[in-house]
Amino acid sequence: MKKSLDQKLHSRKLKKPGILYIILGYLWKLLFYKKYNINVTYKTDIKRVKEPFILLSNHASRLDYMFTALPLLPKKFNFVAGYNEFFRSHLAGIFKIMNVIPKKNFTADIYTIKEVTRIIKKKGNIILYPEGMSSISGANQPVAVGTGKFIKHFKLPVYYSLIKGGYLTSPKYDLDERLGKVEVEYDILLTPEEIERLSPTEIEDLINKTLYHDDYAWNKEQKNEYKVGNTVAKNLHHLLYWCPRCKKEFTMKGEFNKIYCTSCNNGATITNTYEMIPFDDTCIIPSTQTEWFNKERALAKEEIKDPNFKLTEKVKLGVLPQYKYLKNQATSEIVGEGIITLNHDGLTYNGTYNNEVV
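Residues numbered from 1 in each chain as written. Predicted model: local features only at pLDDT ≥ 70, side-chain atom pairs only at ≥ 80, totals over all residues. Heavy atoms only, no water.

Undergrad: An account of the side chain of asparagine 140 is needed here, citing residue identities and associated values.
TA: Residue placement: asparagine 140 occurs in the loop between β5 (126-128) and α6 (147-154). Polar contacts involving the side chain of asparagine 140 include one to the main-chain carbonyl oxygen of leucine 211, which spans 2.8 Å. Ignoring sequence-local partners within four residues, the contact set of asparagine 140 consists of Asn58, Glu131, Leu211, Tyr212 and His213. (Helix = DSSP H or I, 4+ residues; strand = E, 2+ residues; numbered from the N terminus. Polar contact = N/O pair within 3.5 Å; in protein donor to acceptor, adjacent residues only side chain to side chain. Contact = heavy atoms within 4.5 Å.)

The structure is reproduced here in structure tokens:
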């Protein structure tokens, strides 16, 4: 019987990266280090650390593998990446070469623990982004529950990298890169003795505090310029959908270098440092995009408190393929469409699946 992609993935016994890691690493460093203007500060010289360790990092963007690993060459790492990413054709090959470890997001994954254990026993190093997904707003999400238990299980020294400017270079809401400046800081986070003493919750609290960074607030002070052209606001309404003046939702529009409300014309011009300049004195604009996003999140929290809260959306249903990799950077294989409903009873889907009503 033909093995599925999932079966092939979980039958692999991973190794420490080989010489190809070094070759590709230095090639990428030659091609991209200057391009992304990566500036590094070593509060601890991690390159001199000889014992195996775990490196944690804030997850600023889809380029973080370069920001965290390239400055530490010739040290080699096994990355932990989202399980779903292994089904995408443009990533599957390089993930196999680099011995990247799959992890199903926000759930316990025994295979991940086994393979991390295998690498550590071979004196390998692990890079992990404990938020589980790249930043939505330019600032951190809390680390995934269970991160503290993971750290206590392995009892290895834990170092960290803090990426600044990564989100502004490659924001979540738009695939276009905006070259400017990226800073990366390295230091020790936890010794084995501290790991032994702290509880899993205390470890997670420390990670959240140490790795927290807000790119928009940071650059409001730094004023680094990014090559945004005239599309700095492209798709920004996917992030900033609520108008702070008329209070309407989904009336915002981001295009060219402006974000504005199609209902009341409240809006701002965005500069190449990402500063938002209100159109006039009547406009109400938060001080940063992250502050605006946080206001939206606070409103959503209040809405959800209503016992009659219900959100319904028309959607397409996507699944991971069984035998063929996803192409054209797709994230799933579309197998149906219907309506999802989110309320206090949970999340339900009513629609089609492989041409059948479910």
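Undergrad: Pulling in residues and values, what's your account of the packing of aromatic side chains?
TA: Per the counting criterion, the structure on display carries 14 aromatic pairs. Look at tyrosine 36 and phenylalanine 67: their rings are 6.0 Å apart centre to centre, the planes differ by 85°, and that puts the pair in the edge-to-face class. Separated by 31 residues along the polypeptide, tyrosine 36 in the loop between α2 (19-32) and β1 (38-42) and phenylalanine 67 in helix α3 (residues 64-69) bring together distant segments of the chain. We classify tyrosine 36 as buried; its relative accessible area is 2%. Among the residues examined, phenylalanine 67 registers a relative accessible area of 0% and is labelled buried. On the numbers, 5.4 Å between centres and 15° between planes, the contact of tyrosine 42 with tyrosine 186 is stacked. (Phe/Tyr/Trp six-rings, centres within 6.5 Å; stacked < 30°, edge-to-face > 60°. Buried < 20%, exposed > 50% of the residue type's maximum accessible area, 1.4 Å probe, protein only.)

Undergrad: Describe the pairing of strand β2 (residues 54-57), listing the residues and the values that go with them.
TA: Going residue by residue along β2, you find Ile54 and Leu56 tucked away on one face and Leu55 and Ser57 tucked away on the opposite face as well. With three bridges connecting them, β2 and β5 associate as parallel partners. Its bridge partner being in β5, leucine 55 is matched across the sheet by isoleucine 127. Where β2 meets strand β6 (residues 158-164), four bridges bridge the pair, whose relative direction is parallel. Bridge pairing links leucine 55 to tyrosine 159 in β6. (Pairing = 2+ DSSP bridges.)

Undergrad: Which residues make up helix α4 (residues 89-97), and what values do they have?
TA: Since the α-helix advances by 3.6 residues per turn, residues separated by three or four positions end up pointing in the same direction. Those residues of α4 lying buried are Leu91, Ala92 and Phe95. The buried residues of α4 occupy one face: seen down the axis, they fall within an arc of 110°. Looking at the buried side of α4, the elements it contacts are β3 (78-82). Immediately downstream of α4, the backbone of asparagine 99 shows phi near 55°, a positive value. (Arc of directions from axis to C-beta.)

Undergrad: Pulling in residues and values, what's your account of a nonpolar patch on the surface?
TA: A cluster of nonpolar side chains, contributed by Ile19, Leu20, Ile23 and Ile97, occupies part of the molecular surface with about 380 Å² of accessible area. Classification of leucine 20 by relative accessible area gives partly exposed; the value is 44%. (Patch = residues over 30% accessible without salt bridge, like charges linked within 9 Å, V, L, I, M, F, W, Y side chains within 5 Å. Areas by Shrake-Rupley, 256 points an atom, 1.4 Å probe, with all protein chains shown as cover. Salt bridge = Lys/Arg side-chain N within 4 Å of Asp/Glu carboxyl O.)

That is the geometry; function is a separate question.
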